[in-house]
Amino acid sequence: KTGTLTTGDFTLDTIQPLPGVDRDHVLKVAALLESQSQHPLAIAILKAAKAQRLRLRTSSVDQVEVIPGMGIKGIVDGQKFFAGSSRLPDEMGWFVPQELRDESRALSGMGVTEIWVGSENACLGFIGLSDQLRRSADSAIRRLKRNHDLNVFMFTGDSWGPARKVAARTGIDLSNIHAQMRPDGKLELLRDLRAHQENARVRHSLRKRGGKVAMVGDGANDGPALATADVGVAMGVAGSAAAMEAGNVVLFSNDLSKVADTVDISHSTQRIIMQNVVISFAVKLSVLGATVVGLGSLWMAVFADVIAAFAVIFNGTRVYWMYERQVDPEDGSSSCFYKATLAELDE
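Residues numbered from 1 in each chain as written. Predicted model: local features only at pLDDT ≥ 70, side-chain atom pairs only at ≥ 80, totals over all residues. Heavy atoms only, no water.

Participant: Which residues make up the overall build of the protein chain, and what values go with them?
Facilitator: Counting its regular elements, the protein chain contains 13 helices and twelve strands. Put simply, of all contacts in the protein chain between residues at least 6 apart along the chain, 60% involve residues at least 24 apart. Counting only carbon and sulfur atoms, one obtains 55% of the accessible surface of the protein chain, whose full area is about 17,800 Å². (Helix = DSSP H or I, 4+ residues; strand = E, 2+ residues; numbered from the N terminus. Contact = heavy atoms within 4.5 Å. Areas by Shrake-Rupley, 256 points an atom, 1.4 Å probe, with all protein chains shown as cover.)

Participant: Give a description of the packing of helix α11 (residues 257-292) against helix α12 (residues 298-316) that names residues and reports values.
Facilitator: Interaxial distance between α11 and α12 falls to 10 Å at its minimum, and their mutual angle equals 170°. One way to sum up the angle between α11 and α12 is to call them roughly antiparallel. Residues I272, Q275, N276, I279, S280, V283, K284, V287 and A290 of α11 pack against M300, A301, A304, D305, A308, A311, V312, N315 and G316 of α12. Here the contact of α11 with α12 is built from residues that sort into eleven nonpolar, five polar and two charged. (Axes fitted to C-alpha atoms, helices over the stretch in contact; angles between N-to-C directions. Parallel < 35°, antiparallel > 145°, perpendicular 65-115°, else oblique. Nonpolar A, V, L, I, M, F, W, Y, C, P; charged D, E, K, R; others polar.)

Participant: So what about α12? Which residues, and what values?
Facilitator: Its 19 residues give α12 an end-to-end C-alpha distance of 27 Å, which sits within 8% of 27 Å, the value for a rise of 1.5 Å per residue. Within α12 the residues assigned to the buried category are A304, A308 and N315. All buried residues of α12 project into a common sector of 40° when viewed along the axis, lining one side. When the buried face of α12 is taken as reference, the exposed residues oriented beyond 90 degrees from it are L298, W299, F303, I313 and F314. (Expected span 1.5 Å × (residues − 1). Buried < 20%, exposed > 50% of the residue type's maximum accessible area, 1.4 Å probe, protein only. Arc of directions from axis to C-beta.)

Participant: I'd love a proper account of a nonpolar patch on the surface, names of residues and values included.
Facilitator: Taken together, the side chains of I273, M274, V277, F281, L285, L288, V292, V293 and L295 make up a nonpolar region of the molecular surface, amounting to roughly 950 Å² of accessible area. Residue classification places M274 among the exposed residues on the basis of a relative accessible area of 52%. (Patch = residues over 30% accessible without salt bridge, like charges linked within 9 Å, V, L, I, M, F, W, Y side chains within 5 Å. Salt bridge = Lys/Arg side-chain N within 4 Å of Asp/Glu carboxyl O.)

Participant: So what's going on with the pairing of strand β5 (residues 113-119)? Residues and values would help.
Facilitator: β5 sits mainly inside the fold: seven of its seven residues count as buried. Neither face of β5 is left uncovered, since the one carrying T113, I115, V117 and S119 and the one carrying E114, W116 and G118 both have all their residues buried. Pairing between strand β4 (residues 79-84) and β5: four bridges, direction antiparallel. Its bridge partner being in β5, F82 is matched across the sheet by G118. Both β5 and strand β6 (residues 123-130) contribute to a ladder of six bridges, which runs antiparallel. Bridging across to β6, I115 finds its partner in I127. Counted along the chain from β5 to the antiparallel partner β6, the turn is three residues long. (Pairing = 2+ DSSP bridges.)

Participant: Run through unusual backbone geometry, naming residues and quoting values.
Facilitator: Of note in this structure, Q63 is not a glycine but carries a positive phi near 55°. Within the secondary structure, Q63 sits in strand β2 (residues 61-67). Of note, the phi angle at Q180 is positive, near 55°, even though the residue is not glycine. Here Q180 lies in the loop between β8 (177-178) and α7 (183-194). Given a relative accessible area of 24%, Q180 falls into the partly exposed group.

Participant: So, the pattern of salt bridges: which residues are in play, and what are the values?
Facilitator: In the structure shown here, the tally under the stated rule is ten salt bridges. The partner of K258 in a salt bridge is D255, with the nearest N and O atoms 3.5 Å apart. Assigned by exposure class, K258 and D255 land together as buried. Here the salt bridges do not stand alone but share partners, grouping R143, D261 and D264 into one network.

Participant: Go over the sheet that holds β4, please, and point to the residues and values.
Facilitator: Strand order in the open sheet made by the six strands is β1-β6-β5-β4-β3-β2, with antiparallel pairing throughout. The sheet is open, and its two borders are formed by β1 (11-17) and β2, each paired with just one other strand. When the angles between neighbouring strand axes are averaged without regard to direction, this sheet yields 20°. As defined by bridge partners, β2 adjoins strand β3 (residues 71-76) across five bridges and the pair is classed as antiparallel. Residue pairing across strands places I67 opposite G71, the latter belonging to β3. Against the sheet, helix α1 (residues 23-34) touches β1, β2, β3, β4, β5 and β6, its axis set at about 75° to β6.

Participant: Break down the packing of helix α5 (residues 137-148) against helix α6 (residues 160-170) for me, with residues and values.
Facilitator: Taken N-terminus to C-terminus, the directions of α5 and α6 make an angle of 65°; their axes are 8 Å apart at the nearest point. One finds that α5 runs roughly perpendicular with respect to α6. Residues A137, D138, I141 and R142 of α5 lie in contact with α6, whose contacting residues are A168, R169 and T170. Residues belonging to the contact of α5 with α6 are distributed by class as follows: three nonpolar, one polar and three charged.

Participant: Residues and numbers for helix α2 (residues 40-51), please.
Facilitator: Relative to the 16 Å expected for twelve residues at 1.5 Å per residue, α2 spans 17 Å between its end C-alpha atoms, a close match to the ideal helical length. The set of residues buried in α2 consists of L41, A42, A44, I45, L46, A48 and A49. Looking at the buried residues of α2, the elements they touch are β1, α1, β5 and β6. Residue R53 follows α2 closely and has a positive phi angle near 60°.

Taken by themselves, the reported measurements are silent on function.
Listed below in structure tokens is the structure:
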């Protein structure tokens, strides 16, 4: 979801500290922990700290480690702190007042992503951040479902509230949402889908036509899943180097409609290939039949061969004219780079 269906450009919505805890302290601890990360959430927290003109002494941060699918931990001024998803308070056993939990649920229902901050023994509060849906996400998902009867699933490490909000706005079935996923969870689910070991509903809906499983992602955490999927599509502009390396198709644009364009071109390519095979065989067999009954000649064979060659060439160029290049309204780019044969998406 983050960085693929959404822009990944988070903005600060709110800081909700526990009673007796200073708001700036919550933001400062989170910013120091995230100072060495390139995650979109980390970048947003650092921007917010700079906007608040907080003094961040990065030299006071030590032993920073990523907790896969959960968050980050490290030592700040000699004390261990944690920052992470809404699962963190329960994992750490922190006491959180009921009022704060109610506020958290309300914000999550509005699509706000929460970053909880605390030490080993106590919760400090949480930071609320909002992301924006990509302009092309809605139309791209609906095109894939309407034109190609594809079943679209959403994987995200974010909480259920933002996931449901994005799904509702893009037309993804709520039953097809997988939220609060760890990176290894995405990988395992992709493996299960490919091996036909997922439950009957998912297996039937994804492979009802014997099709393949494609995944679109942008982050380093998506790399293993992109490599495991039958077709991995990496977001080239917003994506990480690991995602682009693992993907079969790299989009040099933030425009998700390029995914739908790629599938369209794939279908057109296969149709034209079959048409060209039929044209070639029809012309050759016609000349062969005419020769058998005594109506053929050398010049007829040469003429038929030239006609068939031109017909195949001109028919093949229709793929180019079918694809209308459009400028991405978000970043002004319009180019795509296909590492894989376009027909792979439809094989």
